[in-house]
Amino acid sequence: MLAIIVWVAVLTISVILFRNVSGSLSLLKPNLNSLIFYYSLFVSCYIGSLLIALDIDHYYMINKLDHEVYRYIGFGAVSFVMIMLPLSMFIVSKLAGFDAKKEFNHYLKKPVENTFTEKNEFYLIFLGLSLISMLAVAYTLLKTSQVPLFALLKGNLSDLGMLRIDAARNFHGHVLIRNIFAIALTPLLSLIAYVYTVKTRQLKWGLLFLPLFACAVLISVYDLSKSPIIFYIIMFIFVQLYVGKLVLNRRRINLYVISGATLIILMYVFIQGVNDLGSFLSYSSGPIGRLILAQIAPTFLHLNIFGESIPFLHGSSLPSILIGWFDIEQVRSARLVMANAFPNRIEDGTGGVLNTLFIAEAYANFGYLGILFGTIYVGVLIQILYIVFIRLPKNPVFLCLFIYFSINIPRTLVGGFADFLFNPIWIFITCLFAGILLFIRIRLDLFSFFFKKKARNEA
């Protein structure tokens with residue numbers, strides 16, 4: 001009973017804080033912070049945390065707990081995040097003089113600027129990037145020994161689980177080419193091309209968007225992961241909403257939810273197979289269990305294992321670029337938890353990593369201080385990004401970068417802590433597009449300066 005009271009009280013406070021820092025928690029006006037609340041925290045973590053604390057989860061991962069006390073410690077840790085994360089964001093907003101409701105609503109209504117649409121050099125640079133990304137998609141498929149999607153289309157259903165792990169962990173090409181140019185850049189380029197197509201109605205942008213869209217869909221489903229294609233669809237909904245091509249209402253929301261649920265069920269049926277309908281529909285297994293328990297259960301395992309069965313990592317799972325100076329070998333805490341809890345999966349090649357809420361990796365490295373300072377750091381970083389993007393010019397590039405981060409930050413929150421310290425993909429993409437815009441702007445300013453100077457001299 002106490003856990004339920006705490007859960008309701010914490011949830012109420014969290015809703016108030018998130019509404020303040022996001023500008024809107026309405027499903028009709030989705031944004032970065034509302035997606036964090038609904039997806040990363042409430043659905044993926046806090047519902048399951050209550051079930052675990054009440055010992056009614058019946059989840060196979062939680063059965064691996066050696067110490068039952070971590071049911072309550074884990075619940076307390078997630079409750080702390082539910083309040084401290086938005087509280088940190090609230091403090092940043094106050095310091096920046098950010099009125100979330102006013103500025104977010106203004107951003108939604110503001111028209112998209114047709115930046116550089118009259119300059120062919122931007123299109124040529126964008127075309128070059130698009131060709132590189134599409135070649136990277138082809139490279140990814142060629143360097144994957146057995147593409148799970150192709151195996152599914154051929155009717156080979158028996159080894160799909162192993163093929164998915166093999167495609168992720170035993171890629172035979174350069175990982176950065178796959179991760180940056182194929183997986184990250186292609187969907188983003190397709191969104192930018194779509195916005196330019198809508199705003200300019202130029203045939204060249206439409207013809208470029210079509211192959212980019214096809215490649216983006218292909219790279220989202222090639223390894224049969226269920227989430228990338230769902231999130232790519234959500235990014236498209238965000239784009240249409242933010243450019244004024246779509247107005248959400250309850251009917252559309254219901255349609256999207258039903259369509260998404262149907263897609264997920266079909267993917268489970270065809271990719272993993274369904275032998276027991278009762279288990280498939282149970283809240284502790286199937287797609288429901290995957291949604292409310294699979295993401296948060298490894299957090300409880302992290303708390304249970306590190307400091308008990310495994311010593312704290314003291315920074316060993318942080319990005320290699322940060323720890324390489326100290327000659328420390330990088331090791332992922334999510335991989336160690338998988339090896340500790342499910343060693344048989346590591347042996348037969350079907351086990352990867354147990355990604356979970358970011359505080360788990362912070363705890364694995366620095367204990368409870370990691371949870372405290374990690375939560376504050378992540379909250380400050382997210383709100384700074386949110387404020388910066390809302391206050392930047394609303395051109396196709398900045399708009400699509402905003403949407404890209406609005407989708408990928410919530411995903412990373414339930415993926416690990418290290419990516420918030422150093423994420424080469426985020427840094428590369430931001431610097432790439434900011435550099436392109438800055439380069440063209442400087443060229444235009446220099447051209448305008450010399451043209452005016454020449455005109456004055458001739459006069």
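Bear in mind that the values here come from a model prediction, so they are computed numbers and not experimental data.

Some remarks on helix α8 (residues 175-200)
- In this model, α8 (26 residues) spans 36 Å end to end at C-alpha, consistent with the 38 Å of a helix rising 1.5 Å per residue.
- The largest bend in α8 amounts to roughly 45° and is located at Leu185, with the proline Pro187 lying one to four residues further along.
- Positive backbone phi, approximately 55°, marks Arg201, located one or two places after α8.

Digging into the packing of α8 against helix α9 (residues 203-221)
- Packing of α8 against α9 leaves a shortest axis separation of 8 Å and a crossing angle of 150°. Our classification of the angle between α8 and α9 gives roughly antiparallel. Judged by the twist between their axes, the crossing of α8 over α9 is left-handed. Listed contacts from α9 to Ala182, Ile183, Thr186, Pro187, Leu189, Ser190, Ala193, Tyr194, Tyr196, Thr197 and Thr200 of α8 are Trp205, Gly206, Phe209, Leu212, Phe213, Cys215, Ala216 and Ile219.
- Of the residues belonging to the contact of α8 with α9, the class tally is 14 nonpolar, five polar and no charged.

Some thoughts on the packing of aromatic side chains
- In total, this model carries 40 aromatic pairs according to the counting rule given.
- Between Phe18 and Phe37 the ring centres are 5.4 Å apart and the planes differ by 50°, which places this aromatic pair in the tilted class. Placement of Phe18 in helix α1 (residues 2-22) and of Phe37 in helix α2 (residues 32-53) is noted, with a sequence separation of 19 residues between them. Like Phe18, the residue Phe37 is buried in the burial classification.
- A centroid spacing of 6.1 Å and a plane angle of 40° characterise the contact between Tyr242 and Phe402, whose relative ring orientation is tilted. Within this pair, whereas Tyr242 is found in helix α10 (residues 227-242), its partner Phe402 is found in helix α19 (residues 396-413), the two being separated by 160 residues in sequence. Each of the two residues, Tyr242 as well as Phe402, counts as buried.

A few points about the pattern of salt bridges
- As enumerated under the stated definition, the model contains five salt bridges in all.
- A salt bridge links Arg71 to Glu68; the shortest N-O distance between them is 2.6 Å.
- Judged by relative accessible area, Arg71 falls into the buried class, the value being 5%.
- With its nearest N and O atoms 3.0 Å apart, the salt bridge here joins Glu103 to Arg391. Remark: Arg391 occurs in helix α18 (residues 358-391) and Glu103 occurs in helix α4 (residues 100-109); sequence separation between them is 288 residues.
- For Glu103, a relative accessible area of 19% gives the class buried.
- Where salt bridges share partners, they join Asp55, Asp57, Glu68 and Arg71 into one cluster.

Remarks on unusual backbone geometry
- Although it is not a glycine, Asp55 sits at a positive phi angle of roughly 60°.
- Looking at the secondary structure, you find Asp55 in the loop between α2 and α3 (70-96).
- Since its relative accessible area comes to 43%, Asp55 is described here as partly exposed.
- The phi torsion at His314 lies on the positive side, around 50°, for a residue other than glycine.
- Residue position: His314 is located in the loop between α14 (297-305) and α15 (320-323).

Rules behind the numbers
- Residues numbered from 1 in each chain as written.
- Predicted model: local features only at pLDDT ≥ 70, side-chain atom pairs only at ≥ 80, totals over all residues.
- Heavy atoms only, no water.
- Helix = DSSP H or I, 4+ residues; strand = E, 2+ residues; numbered from the N terminus.
- Expected span 1.5 Å × (residues − 1).
- Bend = angle between axes of the 7 residues up to and from the residue.
- Axes fitted to C-alpha atoms, helices over the stretch in contact; angles between N-to-C directions.
- Parallel < 35°, antiparallel > 145°, perpendicular 65-115°, else oblique.
- Left-handed = near helix turned anticlockwise from the far one by under 90°.
- Contact = heavy atoms within 4.5 Å.
- Nonpolar A, V, L, I, M, F, W, Y, C, P; charged D, E, K, R; others polar.
- Phe/Tyr/Trp six-rings, centres within 6.5 Å; stacked < 30°, edge-to-face > 60°.
- Buried < 20%, exposed > 50% of the residue type's maximum accessible area, 1.4 Å probe, protein only.
- Salt bridge = Lys/Arg side-chain N within 4 Å of Asp/Glu carboxyl O.

Just geometry here; none of it tells us what the structure is for.
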